Amino acid sequence: MLAGFLGALGVADAALPSGTAERAALFRSRVAGLRVLIVLDDARDSRQVGPLLPGSRSCAVLVTSRAWLSGLPTTRQVALEPLTPGESVRLLAVIAGPERVAAEPAAARRLVAACGFLPLAVRTAASRLAARPGWQLSHMADRLASERRRLAELESGELAVAASFRLSYDQLEPEAARAFRLLSLADGPGVSSAAAAVLLGLPEPAAERLAEALTDLGLLSCPFPGRYQYHDLLRLFARELVREVDGEAAGRAAVERLLRHYLARVAGLYRVVRPGYPFPDLVAARIAEPGTTGPGTTGPGSAEPGSAEPGSAEPEFTGPAFAEPGFAGPAEGLRWARQEVPAVLAVAGQAVRDPQGPLALVADLTLVLIQLIDLGTAVPELCELAGRVAEAAAAAGLAEGEARARYTLMWAQREFQRTRQARSEAVRVVALARRTGQAALLPGALIVLALTGLPHCTDEEVAAWCDEAVALSAESGNRSARAFVEGMAALADLAVDRPESALDRAERALAAFKGLGDFVGQVHVLYARATALHGLGRFEAACRDYEECLGALRALGSRDRMPGVLVSLAESLRAAGRPAQALEAAEQALAIAERVGLEHRRADALSAVGRALSDLGEQDRGRACLA
């Protein structure tokens, strides 16, 4: 390249120095004092660019590169992001024709989204459309909808997205190439450095070093320290390489390793958030056992962690792969949950969609993820996952896994006040738990039968389910499980007009949770005790418990549960003769429910606002809310 530059500057071939350093010095002397813009497109690395930089301040250099160039005396480096959706649609219109885009605006948006708003991908799809005037945009968008076919569709003449990606991939060392492939396997919002270590079968510092190197090369992005993401099309390219280089079995083994890691983490979180509860013990064996396609398996179709392609150095994997983490306390565990829950749910859903995925492992994960309901986090996503796992387990004849998934689904449906669905799941869980000998699931299922019994059952039947649930939890000898069942039974007692029994149960449960150091359990039982106090006409005491419950929810960052507590507080404030404060609480409930998208809570809050307004003499506004 220096020879070409010098030739353009009038240096004869015979006068060209033979060495790079000498040519670079001659180039700098020739452009010194001139006003020259030098454009270096698609530079490989800093070493390639260095000899081409002038020494004069009168010159400027514009360099583009797939990699992040470090070590250069640059004034500014700019990361080029994908186009915006609007910019992508405008580029599509320029090439494919504005009239076609105007005729199918929704299809145009779907098409550019499938292209990941990447300029080359949009240009390639638009060029194919331009060459096929009879095609509708919706037809092209449908072709791009298939992840398996998408990269093949994004090829037109010399334009090819996969070929562009291959230029970067082919420059990687074997270890980095393997990392690029395997890190793509997890669905969701990227992978943490800990998850990367599990996918690669490497110690975390080694995995992070590889991920950072791929980030420097522009093959990954790092939105914040310790998390790495792919562009959608790069991830598809990397997954095709997994099938081509590593094979389906190796890819499935890596995902199973990650799921087992997540199961260990979620079980460890459960132990610090709900200390003493038995569910982590139920899944401990699954964490420890060798995977069907993952670590501890040898022979055809298996892939060991740390395996490498031929010709590369064998990475070393040290330390236990799957062990419950020792979170320092609930605060640390909750910070992990806020960061990782979307990734956990995404990979679990990915495994359920795989006909050969580790379904029993996902069912166990679903069971310990039930704590998301306690925390008021990602409950709609958990409900959807549990339903899919339950149906898949039923179809596969995995009764134990089905029972565990339906147990979580049952409580999620109750959280959404879907009484009929919750009751139907409870009936199934009771039958499955008895058949599979899972005694730990029975008390909770019986409590849901009691909570959803009215008006279809008698008060005596509801009370009997409560008593059986409490007796079974007492027989188990687990203090945490018994306290939880007592707290829930208190709510069922209230439904059959037994407020004194409800208060006694709530007091016992609260004392047990305090002894266990279970902060989340105390929140549950504070609500039950407040409701019992309201039922006994002790409205001021009920208000104090509801307010303490709200304070605890704020400390947990659990906004999803706050509207329900605020509505109950509003009713106790009304009963205590404080309608103005009741209105304030109800309006807070309405605002939070609308902000977090809880429609059933919004309806309850709107009714509470209407009743408070009516108490304040604003009958017309009150009726409008209640209508």
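Cut-offs used in this document
Residues numbered from 1 in each chain as written. Predicted model: local features only at pLDDT ≥ 70, side-chain atom pairs only at ≥ 80, totals over all residues. Heavy atoms only, no water. Helix = DSSP H or I, 4+ residues; strand = E, 2+ residues; numbered from the N terminus. Contact = heavy atoms within 4.5 Å. Pairing = 2+ DSSP bridges. Salt bridge = Lys/Arg side-chain N within 4 Å of Asp/Glu carboxyl O. Buried < 20%, exposed > 50% of the residue type's maximum accessible area, 1.4 Å probe, protein only. Polar contact = N/O pair within 3.5 Å; in protein donor to acceptor, adjacent residues only side chain to side chain. Patch = residues over 30% accessible without salt bridge, like charges linked within 9 Å, V, L, I, M, F, W, Y side chains within 5 Å. Areas by Shrake-Rupley, 256 points an atom, 1.4 Å probe, with all protein chains shown as cover. Axes fitted to C-alpha atoms, helices over the stretch in contact; angles between N-to-C directions. Parallel < 35°, antiparallel > 145°, perpendicular 65-115°, else oblique. Nonpolar A, V, L, I, M, F, W, Y, C, P; charged D, E, K, R; others polar.

1. Here we look at the overall build of the protein
In step 1: Looking only at helices and strands, the protein has 32 helices and 7 strands in total.
In step 2: If you take every contact in the protein between residues at least 6 apart in sequence, the share linking residues at least 24 apart comes to 63%.

2. Thoughts on unusual backbone geometry
In step 1: Backbone torsion omega between Leu454 and Pro455 reads 5°, so that peptide bond is classified as cis.
In step 2: If you trace the backbone, Pro455 turns up in the loop between α23 (442–451) and α24 (459–476).
In step 3: With a phi angle near 60°, Asp42 is a residue other than glycine that sits in the positive phi range.
In step 4: Checked against the element boundaries, Asp42 lands in strand β1 (residues 37–43).

3. Some remarks on the sheet that holds strand β7 (residues 227–229)
In step 1: Strands sit in the order β5-β7-β6 across an open sheet of 3 strands; the sheet is antiparallel. Strands with a single pairing partner mark the edges of an open sheet, and in this sheet they are β5 (191–192) and β6 (221–224).
In step 2: By the bridge criterion, 2 bridges tie β6 to β7 in an arrangement that is antiparallel. By the bridge assignment for β7, Ser221 is matched with Gln229.

4. With respect to the pattern of salt bridges
In step 1: Across all of its chains, the model carries 46 salt bridges by this definition.
In step 2: Linking Asp187 and Arg239 is a salt bridge whose minimum nitrogen-to-oxygen distance equals 2.6 Å. Residue Asp187 is located in the loop between α11 (174–182) and β5, and its partner Arg239 is located in helix α14 (residues 232–246); the two are separated by 52 residues in the primary sequence.
In step 3: Classification of Asp187 as buried rests on a relative accessible area of 15%.
In step 4: Exposure remark for Arg239: the relative accessible area of 14% places this residue in the buried category.

5. Let's talk about the environment of Arg44
In step 1: The topology assignment puts Arg44 in the loop between β1 and α3 (46–49).
In step 2: Taking C-alpha positions, Arg44 is 9.7 Å from Trp68, a pair spaced 24 residues apart along the chain.
In step 3: Reaching out from Arg44, the side chain makes a polar contact with the side chain of Asp45 at a distance of 3.5 Å.

6. Things to note about a nonpolar patch on the surface
In step 1: On the surface, Leu37, Val39 and Leu62 cluster together to form a nonpolar patch covering roughly 300 Å² of accessible area.
In step 2: By the secondary structure assignment, Leu62 is in strand β2 (residues 60–65).

7. Examining the packing of helix α10 (residues 161–169) against α14
In step 1: Between α10 and α14, the shortest axis-to-axis distance is 10 Å and the interhelical angle comes to 70°. Classified by the interaxial angle, the pair formed by α10 and α14 is roughly perpendicular. Residues Val161, Ala162, Phe165, Arg166 and Tyr169 of α10 lie in contact with α14, whose contacting residues are Leu233, Leu234, Phe237, Leu241, Glu244 and Val245.
In step 2: Of the residues assigned to the contact of α10 with α14, the class counts are 9 nonpolar, no polar and 2 charged.

8. Brief notes about α23
In step 1: Summarising burial for α23: 10 of the 10 residues are buried, a large majority.
In step 2: Buried-residue contacts for α23 involve α21 (399–415), α22 (419–436), α24 and α25 (479–495).

9. Quick notes on the environment of Leu536
In step 1: One can find Leu536 in the loop between α27 (519–535) and α28 (539–556).
In step 2: Since its relative accessible area comes to 31%, Leu536 is described here as partly exposed.
In step 3: When neighbours within four sequence positions are excluded, Leu536 is seen to be in contact with Pro499, Glu500 and Leu503.

10. A few points about the environment of Glu99
In step 1: With respect to the secondary-structure elements, Glu99 resides in helix α5 (residues 98–103).
In step 2: Separated by 76 residues in the primary sequence, Glu99 and Arg23 have C-alpha atoms spaced 53 Å apart.

11. Side note on the side chain of Thr408
In step 1: Turning to its location among the elements, Thr408 is positioned in helix α21.
In step 2: Discounting residues that sit within four places of it in the chain, Thr408 has contacts with Thr366, Leu367, Ile370, Ile373, Leu382 and Ala386.

Function cannot be read off these values alone, since they describe shape.
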